[in-house]
Amino acid sequence: EPEVTQTPSHQVTQMGQEVILRCVPISNHLYFYWYRQILGQKVEFLVSFYNNEISEKSEIFDDQFSVERPDGSNFTLKIRSTKLEDSAMYFCASKPSGYNEQFFGPGTRLTVL
Amino acid sequence: GNSVTQMEGPVTLSEEAFLTINCTYTATGYPSLFWYVQYPGEGLQLLLKATKADDKGSNKGFEATYRKETTSFHLEKGSVQVSDSAVYFCALSALNTNAGKSTFGDGTTLTVKP
């Protein structure tokens, strides 16, 4: 059964450094998402991506964040200059057109020191 | 905007007890409703779902019925096990929103004691 995959599973970085989190959505899906979960808290929407552009973003998704689908299979989330408060689990999700259910990846745990 | 409200936790039960975790929602249009489970240190696993009013989602002994009249999707299990200890999230997504994003509740931590 196809799955959403994410790499790395755990990323440790120093404050101020750039990080890129990678996701491979399910191949025939057209909508892509990033969510964030700070430890012990709820899952929060960051951004959605469709037809090679951002379709919606939350207040969390400020100028420090960007997303890209560089090659038709990967979907990346870049944080330009990480802050301590960016430490969280980041989930990628994808879904096909006309379908409500999103398929979530296993997450990348980002630790900013 | 859309929102999901879950009963506050944590919930502690003895093994074989009956479980109810309440979830109510506010949404425009016709959302699909989901329950996800998250075990310690792991990702989100879809537990069950319902796509329209009066649908009942079920999986691994858990059930939830989509009640449009009360805008609720309460999670139930007749007899919990220690292995059910986890965090449970109620969520919705709706095609009518710009991007069909998911909106999650705060999560309810369930601990089942032997």
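Heads up: the structure comes first, above all this text.
Residues numbered from 1 in each chain as written. Chains lettered and ligands numbered in written order. Predicted model: local features only at pLDDT ≥ 70, side-chain atom pairs only at ≥ 80, totals over all residues. Heavy atoms only, no water.

Here's the deal with the sheet that holds strand β8 (residues 75-79) of chain A
All names here are of chain A.
Thought 1: Taken in spatial order, the four strands make up an open sheet running β1-β3-β8-β7, and their pairing is antiparallel. The open sheet terminates on both sides in strands that have one partner only, identified here as β1 (5-7) and β7 (65-68). Mean inter-strand twist for the sheet, computed between neighbouring axes without regard to direction, equals 20°.
Thought 2: Strand direction decides the pairing type here: β7 and β8, joined by four bridges, are antiparallel. Note on β8: the bridge partner recorded for S66 is K78. (Pairing = 2+ DSSP bridges. Helix = DSSP H or I, 4+ residues; strand = E, 2+ residues; numbered from the N terminus. Axes fitted to C-alpha atoms, helices over the stretch in contact; angles between N-to-C directions.)

Considering unusual backbone geometry
Thought 1: A cis geometry characterises the amide bond from T7(A) onward to P8(A), with omega recorded as -10°.
Thought 2: Here the amide bond leading from G9(B) into P10(B) is cis, since omega sits at -10°, within 30 degrees of zero.
Thought 3: Following the sequence through the fold, P10(B) ends up in the loop between β1 (3-6) and β2 (11-14).
Thought 4: Phi angles above zero are rare outside glycine, and N52(A) is one such case at about 65°.
Thought 5: Considering the arrangement of structural elements, one finds N52(A) in the loop between β5 (43-50) and β6 (53-57).
Thought 6: The exposure class assigned to N52(A) is exposed, which follows from its relative accessible area of 61%.
Thought 7: Phi is positive for D54(B), which is not a glycine, with a value near 75°.
Thought 8: As for its placement among the helices and strands, D54(B) is situated in the loop between β6 (45-50) and β7 (56-59).
Thought 9: A relative accessible area of 55% means that D54(B) is categorised as exposed. (Buried < 20%, exposed > 50% of the residue type's maximum accessible area, 1.4 Å probe, protein only.)

Some words on the pattern of salt bridges
Thought 1: Under the defined criterion, the tally for this structure stands at seven salt bridges over all chains.
Thought 2: For E101(A), the salt bridge is made with K49(B), and the minimal N-O distance between the two is 2.4 Å. Highlighted residues: E101(A) in the loop between β9 (88-95) and β10 (103-104) and K49(B) in strand β6, drawn from two different chains.
Thought 3: Judged by its relative accessible area of 8%, E101(A) is buried.
Thought 4: Its salt-bridge partner being D84(B), residue K77(B) comes within 2.8 Å of it at the nearest N-O pair. The pair K77(B) / D84(B) is uniform in exposure class, with both members buried. (Salt bridge = Lys/Arg side-chain N within 4 Å of Asp/Glu carboxyl O.)

Brief notes about the state of the cysteines
Thought 1: By the definition in use, this model includes two disulfides over all chains.
Thought 2: One disulfide in the model links C23(A) with C92(A); its S-S distance is 1.9 Å. In this structure, the disulfide formed by C23(A) and C92(A) twists by about -65° around the S-S bond and is classed as left-handed. Here C23(A), found in strand β3 (residues 19-24), pairs with C92(A), found in strand β9; they are 69 residues apart in sequence, far enough to count as distant. Pair check on accessibility: C23(A) and C92(A) agree, each one buried.
Thought 3: Disulfide partner of C23(B): C90(B), at an S-S distance of 1.9 Å. Classification of the bridge connecting C23(B) and C90(B) rests on its S-S torsion, roughly -70°, and on that basis the disulfide is left-handed. With C23(B) in strand β4 (residues 23-26) and C90(B) in strand β10 (residues 86-93), this residue pair connects regions lying 67 residues apart in the sequence. Taken individually, C23(B) and C90(B) each receive the classification buried, so the pair is uniform in this respect. (Disulfide = S-S within 2.5 Å.)

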